[in-house]
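Per-entry structural report
These are the residues of each chain, in order.
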Amino acid sequence: MAKDRPVYMGPRLRRLRRELGLTQADMAADLEISASYVALLERNQRPLTADMLLRLARTYKMDMSELAGDGGAEQTARLQAVLKDPMFADIDLPVLATGDVAVNYPGITEALLRLHTAYREEQLALADKGVEREDTTEAPDPVAESRRFLGARRNSFPLLDDAGEKLAAEVEAAGGLAGWLKARHNLRVRRLPSDVMAGSMRRLDRHRDAVLLDDALDGASTQFQLALQIAYLEMRRDFEALLKDSQFASESGRRLTRRALANYAAAAILMPYGPFAKAVEARRYDVEALARQFGTSFEQTAHRLTTLQKPGQERVPFFFLRVDQAGNVSKRLDSAGFPFARHGGSCPLWSVHHAFERPREVLTQWLELPDGQRFFSVARTVTAGGGGWGAPRIERAIALACAAEHAHRLIYAAGEAAEEPTPIGVTCRLCHRSQCMARSAPPIGRDMLPEDFRRTHAPFGFADG
C-alpha cells in the first residue's frame, strides 16, 4: 500500500544539515549513528525510518510534520505540471511513473525541474530580442531580466506561498501586523508626515526600533507595507534560495527580481494561499469583493490572482497588465499563456486602453487573436499616490485576461452568452489583419499595395493571404 512505501528524503536532510551548519560527522554524532549512514541517507540509498524521523525531531527540536514533508506530493505535482509542456506531447508519460520518479528519485526530479526552468528562461530571453536588434553590446535590461525570471516560473512560488500562510496564522494570533512586529521583533509602527519621510513610503529604523510609514498611505497600502517589511525580516533565505540558480546580467536585474519576490511574499501574508484560493471560487473571482474581504486594494488583489498556480491547487490562470495613459507597460505577469508583445505597444482595440475614459468602472471584453485564440478580459483604472491636497496622483489601467474556456467561472461573464469577440493583434508589427483601421505600422514581411489607383480605409494597405 502507498502508506507503507519507504520514505526517501535525502535532499531535504542535506538541506537541514547545512542550514544547521553541521558536517555529516556532526549530525552522525548527534543522532548516534555512523557518518557513512548519514551519507547513504542523503544520497537516497537508504530510506528514512520512523525511528530516525523521531530522532531528528527530538535532537533538533523540530516539528515531525515539517521533517516528514508531504511524501513527495508537491514534487510529483510540480513534475506533472512541467511534463504538460507541449514539447513532451509525443512521449507516453504515465502518471504513476511520474509519481515514482518524484518520490524515489527526488534529486533527478529537482534536476529536471531546474533544467525546464532554465529552458523557459532562455526561450523568453530569445523572445525578448527584437527582430531588428543585432547589437550584442547593448546594456542589459534589468526589467526584462526580472520579467523573464517571473515568466519562466509562471509567477508561482509555492515556497513563498507556504511561508506566507504560516506567517499569516502567526499575525492573526498576534492581533495584526503591528502586533506581530512588536511581539516578534520589538518594532513599533509609527506614521510620520510625508515631508519627514523625505520620499520614502516605509523605512526600518533600527536605532529607534520602529517601522516608519508615510501617513499619506491609505489603509490597503499601509497593510501591504507592513507585510512587506515582515517578508524582508523573515523570508530572506527563501528569496536567496529562489535566486541562487538564476544568472543575471546585471545587479539591478537581481535586485528588481528580489523586490518582486518580496512583493509576492507580502501578498501571500495578506492573502494566504489556502483561504484566498477558497474565497476566489466562492466569490467567483469578483476582484472588488475579494479586496474587501482581505482588506487589500483592487490592484493588489488582481495581482494575487495571477499567482494561484500552486501544483495540485491551481485556479484560473490569468494574464495581468498595467499601463499608463501613454501606453507604457509598468507591470506584466503571465500564467495564462497570453502572447503579449515584448517590444512595442499592445493592440489599441483592447479595452484596457479605453478604461481611462470610464474611471473606476469595470470593463469586460471578449478578445480573439489572429490565430483564433480567444480570451476574456476585465479592465479597470487604479490610482497610485495622493493622500492629501496637492499630493501627486498617477492614474493607470490594469487588465486581467484568461482563456475563453475559463470565463464561465468568473462572475463578470456569469449567465451571459459569449459576445462577438473583438479582433485584436499581439502588436501591429506581427498582426496581419489587413482591414484594421487602428493599425500603427505595417506587419513585418508583407508588401504594401500601390496607391496609384486605390487607397484603403486602413492606414497601410497590403495584400491578403
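Keep in mind that what you see is a predicted model, and the values were worked out from it rather than measured.

The rules we used
- Residues numbered from 1 in each chain as written.
- Predicted model: local features only at pLDDT ≥ 70, side-chain atom pairs only at ≥ 80, totals over all residues.
- Heavy atoms only, no water.
- Patch = residues over 30% accessible without salt bridge, like charges linked within 9 Å, V, L, I, M, F, W, Y side chains within 5 Å.
- Areas by Shrake-Rupley, 256 points an atom, 1.4 Å probe, with all protein chains shown as cover.
- Salt bridge = Lys/Arg side-chain N within 4 Å of Asp/Glu carboxyl O.
- Helix = DSSP H or I, 4+ residues; strand = E, 2+ residues; numbered from the N terminus.
- Buried < 20%, exposed > 50% of the residue type's maximum accessible area, 1.4 Å probe, protein only.
- Pairing = 2+ DSSP bridges.
- Axes fitted to C-alpha atoms, helices over the stretch in contact; angles between N-to-C directions.
- Parallel < 35°, antiparallel > 145°, perpendicular 65-115°, else oblique.
- Contact = heavy atoms within 4.5 Å.
- 1 Å grid on protein atoms, 1.4 Å probe; cavity = no way out; pocket = protein on both sides within 12 Å on 5 of 7 lines; lining within 4 Å.
- Points joined across faces, edges and corners; volume = space filled by probe spheres on them.
- Nonpolar A, V, L, I, M, F, W, Y, C, P; charged D, E, K, R; others polar.
- Phe/Tyr/Trp six-rings, centres within 6.5 Å; stacked < 30°, edge-to-face > 60°.
- Lys NZ or Arg CZ within 6 Å of the ring centre and 35° of its normal.
- pLDDT = per-residue confidence, 0-100.
- Lys, Arg positive; Asp, Glu negative; His and termini not counted.
- Arc of directions from axis to C-beta.

A cluster of nonpolar residues, Y105, I108, L112 and L115, forms a patch on the protein surface that exposes about 430 Å² of accessible area. Mapped onto the elements, L115 comes out in helix α8 (residues 106-127). Given the relative accessible area of 59%, L115 is considered exposed.

In a beta sheet, neighbouring strands are held together by backbone hydrogen bonds and run either parallel or antiparallel to one another. The strand order across the open sheet formed by 3 strands is β1-β3-β2, and the pairing between neighbours is mixed. Bordering the open sheet on either side are β1 (188-192) and β2 (202-205), each of which pairs with just one other strand. For this sheet, the mean angle separating the axes of adjacent strands, direction not counted, is 25°.

Let's shift gears to the packing of helix α10 (residues 158-173) against helix α14 (residues 236-243). Contact pair α10 / α14: the axes reach a minimum separation of 10 Å and the direction vectors enclose 170°. One finds that α10 runs roughly antiparallel with respect to α14. Taken together, the residues of α14 that come into contact with α10 (itself represented by L159, L160 and A163) are D238, F239 and L242.

Attention now moves to the pattern of salt bridges. Opposite charge on two side chains permits them to pair, given that their charged atoms come into close proximity. Applying the stated criterion across every chain, the model contains 19 salt bridges. The salt bridge partner of E361 is R358, with a shortest N-O separation of 2.5 Å. On the accessibility criterion, E361 (33% relative accessible area) is partly exposed. A relative accessible area of 41% places R358 in the partly exposed class. A network of salt bridges, in which partner residues are shared, links R14, R17 and E42.

Our next topic: the layout of surface pockets. Over the atoms, a rolled probe matching the size of one water molecule traces out where space is still vacant. In this structure, the second largest pocket encloses a volume near 1700 Å³. As for the second largest pocket, its lining consists of 49 residues, of which M201, F224, E299, R322 and K331 are closest to the centre. Elements that contribute at least two residues to the lining of the second largest pocket include exactly α9 (142-152), α13 (219-234), α15 (251-270), α18 (298-305), β5 (329-334), β7 (374-385) and β8 (393-403). When grouped by side-chain class, the residues that make up the lining of the second largest pocket number 21 nonpolar, 14 polar and 14 charged.

Once that is clear, we can look at the sheet that holds strand β9 (residues 422-423). Reading across from one edge, β5-β4-β8-β7-β6-β9 is the order of the 6 strands in this open sheet, with mixed pairing throughout. Sheet topology places β5 and β9 at the edges, where each strand pairs with a single neighbour. Taken together, the 5 bridges between strand β4 (residues 319-323) and β5 define a ladder with antiparallel strand orientation. By the bridge assignment, V323 is partnered in β5 with V329. On top of the sheet, α18 reaches β4, β5, β7 and β8; it is set at about 30° to β8, its chief contact.

At E32, a residue that is not glycine, the phi angle is positive and equals roughly 60°. The topology assignment puts E32 in the loop between α2 (24-31) and α3 (35-42).

Now for empty space enclosed by the protein. Considering all chains together, one arrives at 5 cavities of 30 Å³ or more under this definition. C347, P348, P423, I424, G425, T427, C428, C431, R433, C436, A438 and R439 are the residues that line the largest cavity. Counted by class, the lining of the largest cavity contains 8 nonpolar, 2 polar and 2 charged residues.

Applying the stated rule across the entire model yields 8 aromatic pairs. Ring plane angle 80° and centroid distance 6.3 Å describe the contact between Y232 and F239, whose orientation is recorded as edge-to-face. Side by side, Y232 and F239 carry an identical accessibility label, which is buried. A connected cluster of aromatic rings, assembled from ring pairs, spans F149, F157, F248 and Y264. Here the guanidinium or amino end of R153 rests over the ring plane of F149, the centre of that ring lying 3.8 Å away. Positioned above the aromatic ring of F298, the side-chain terminus of R380 is 4.0 Å from the ring centre.

To continue, consider the side chain of Q229. The residue Q229 is located in helix α13 in this model. Excluding residues that lie within four positions of it along the chain, Q229 makes contacts with R202, L204 and V211.

Now for the confidence of the model for the chain. Chain-level statistics for the chain give a pLDDT mean of 85 and a share of 89% at 70 or above. Per-residue pLDDT stays below 50 along residues 130-136; that stretch engages in 6 contacts with residues further than four places along the chain or on separate chains.

The next subject is the environment of L217. On the secondary structure map, L217 appears in the loop between β3 (210-214) and α13. Each C-alpha atom, one on L217 and one on S194, is 9.4 Å from the other, the two residues being 23 residues apart in sequence. Filtering out sequence-adjacent residues up to four positions away, L217 remains in contact with R191, M201, T222 and Q225.

Looking at the secondary structure, you find D238 in helix α14. Of the buried charged residues, D238 lacks a salt bridge, with R237 as the closest side chain of opposite charge at 7.8 Å. Filtering out sequence-adjacent residues up to four positions away, D238 remains in contact with L159, L160 and A163.

Helical geometry note: an α-helix holds 3.6 residues per turn, so side chains three or four residues apart project in the same direction. When we look at burial in helix α11 (residues 177-185), the residues that qualify are L177, W180 and L181. Down the axis of α11, the sector holding all buried residues measures 100°, keeping them to one side. Of the surrounding secondary structure, the elements contacted by the buried residues of α11 are α10, β1, β3, α13 and α15. A positive phi of about 55° marks N186, the residue just after α11.

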